[in-house]
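What follows is the residue order along each chain.
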Amino acid sequence: MSVRRWRLSGVSRLVDSTETVESLRRRLDQCEQALQRCERHAVAGRYAGAVMHEVNNPLAAITNLVFLTKLQADNRAQVLENMEVVETQLVTLGKVTRRVLAFHREQGEATESDLIEIVESALKLHSERVLSGKVSLRKDFRGPAIASVFGSDILQVISNLLLNALDALPLEKPQLCVRVRARSNAIHITVSDNGTGMPAHVRKTLFEPYVTTKQTGTGLGLWLCRRIVDKHRGQIRVRTSQTEGRRGSTFRLSLPLKSQA
């Protein structure tokens, strides 16, 4: 009788332990999903600010042209000229709104996206930082670079890589280079900086959670990036150097032309 109770007790403890592990896994999954949502919302906030700035200029131009057209209503030639400019500004607005809508139409399925457009959008998120820091920005885009991806997720990854690169730049002669290359089976996006580079021990743990060299960093940005890239069956790699004359880091994001996301 006592042996049977012991056996039952052991089974009970095993079941409780299994349930605890499964419960912890569920909680970790929930925390990861919440973290991804927070990161996505942060990028969306920055993206909204960049879009509003992009929309404001053509809207201001249209407003001024409408005002001038009212004053020049009797001058048919001038009215037609003004309307042509208004039409051009409306085309610009249309491009912006279509790009924004493309990011919000994702309903659990990857869509054919132009990765050069996504990279350009990510650069616009940090354009003020580039200008204020007098960063020498080199863009080298060679398309077409079309792949089946979750656009908002890839925007999040590239934005994070750009932010890390900007944080690593030196105060004197900061340089940032962004490249897009389409190959036979993949598209490669590289972000390079001329910062101080990273020591070997940091490089080895770079994509692990809670690893950061920033005083205010969470150490989760690159970990999330790798999770997103893994979902797209892609790869993310880093090359870094602290050698004088070759200092800096280069992150390369590789995405298959036909993603299995």
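Look above for the structure.
Conventions used here
- Residues numbered from 1 in each chain as written.
- Predicted model: local features only at pLDDT ≥ 70, side-chain atom pairs only at ≥ 80, totals over all residues.
- Heavy atoms only, no water.
- Salt bridge = Lys/Arg side-chain N within 4 Å of Asp/Glu carboxyl O.
- Helix = DSSP H or I, 4+ residues; strand = E, 2+ residues; numbered from the N terminus.
- Buried < 20%, exposed > 50% of the residue type's maximum accessible area, 1.4 Å probe, protein only.
- Pairing = 2+ DSSP bridges.
- Axes fitted to C-alpha atoms, helices over the stretch in contact; angles between N-to-C directions.
- Contact = heavy atoms within 4.5 Å.
- Left-handed = near helix turned anticlockwise from the far one by under 90°.
- Nonpolar A, V, L, I, M, F, W, Y, C, P; charged D, E, K, R; others polar.
- Core = buried A, V, L, I, M, F, W, Y, C linked by side-chain atoms within 4.5 Å.

Student: Is there a simple way to explain the pattern of salt bridges in this structure?
Tutor: Between side chains of opposite charge, pairing is possible as soon as their charged atoms come close. A complete count under the given rule lists seven salt bridges for this structure. Between Arg179 and Asp140 there is a salt bridge, and its shortest N-O distance comes to 4.0 Å. With a gap of 39 residues between them, Arg179 in strand S4 (residues 175-182) and Asp140 in strand S2 (residues 136-142) connect regions that are remote in the sequence. With relative accessibility at 27%, the residue Arg179 sits in the partly exposed group. Here Asp140 ties to Arg181 by a salt bridge, and the two come within 2.6 Å at their closest N and O atoms. Highlighted residues: Asp140 in strand S2 and Arg181 in strand S4, separated in sequence by 41 residues. Across the pair, Arg181 and Asp140 agree in class, each one buried.

Student: Would you take a moment to explain unusual backbone geometry for this structure?
Tutor: Most peptide bonds take the trans form, and the phi angle of most residues other than glycine is negative. Positive phi, normally seen in glycine, also occurs at Lys134, with a value near 50 degrees. Along the chain, Lys134 turns up in the loop between helix H4 (127-132) and S2. The exposed category is assigned to Lys134, whose relative accessible area is 72%. Residue Arg233 is not a glycine yet carries a positive backbone phi of 60 degrees.

Student: Help me understand the sheet that holds S2 in this model?
Tutor: The strand order across the open sheet formed by five strands is S2-S4-S5-S7-S6, and the pairing between neighbours is mixed. Each end of this open sheet is capped by a strand with a single partner; those strands are S2 and strand S6 (235-241). Between one strand axis and the next, the sheet turns through 10 degrees on average, direction left out of account. Against the sheet, helix H3 (residues 115-125) makes contact with S2, S4, strand S5 (186-193) and strand S7 (248-256), and its axis sits at roughly 165 degrees relative to S2, the strand it touches most. The strands touched by helix H5 (residues 151-168) are S4, S5, S6 and S7; relative to S5, the strand with the most contacts, the crossing angle is about 25 degrees.

Student: Would you mind going over the packing of H5 against helix H7 (residues 221-231) with me for this structure?
Tutor: Interhelical geometry of H5 versus H7 gives an angle of 145 degrees and a closest axis separation of 10 Å. Seen from above, H5 lies across H7 with left-handed handedness. Across from Asp153, Gln156, Val157, Asn160, Leu161 and Asn164 in H5, the residues of H7 making contact are Gly221, Leu222, Leu224, Cys225, Ile228, Val229 and Lys231. Broken down by class, the residue content of the contact of H5 with H7 amounts to seven nonpolar, four polar and two charged.

Student: How should the nonpolar core be read in this particular structure?
Tutor: Core analysis: the largest hydrophobic core is formed by 40 residues, its most contacted members being Leu115, Ile158, Leu162, Leu176, Leu206 and Phe251. Those elements that place two or more of their residues in this core are H3, strand S3 (146-149), H5, S4, S5, H7, S6 and S7. The leading source of residues in this core is H5, at eight residues. Leaving out residues up to four positions away in the same chain, Leu176 has contacts with Val135, Ser136, Leu137, Arg138, Leu162, Ala165, Leu166, Val191 and Ser192. Within the second largest apolar cluster, six residues are counted, among which are Val55, Leu65, Val86 and Leu93.

By themselves, these figures tell us nothing about what the structure is for.
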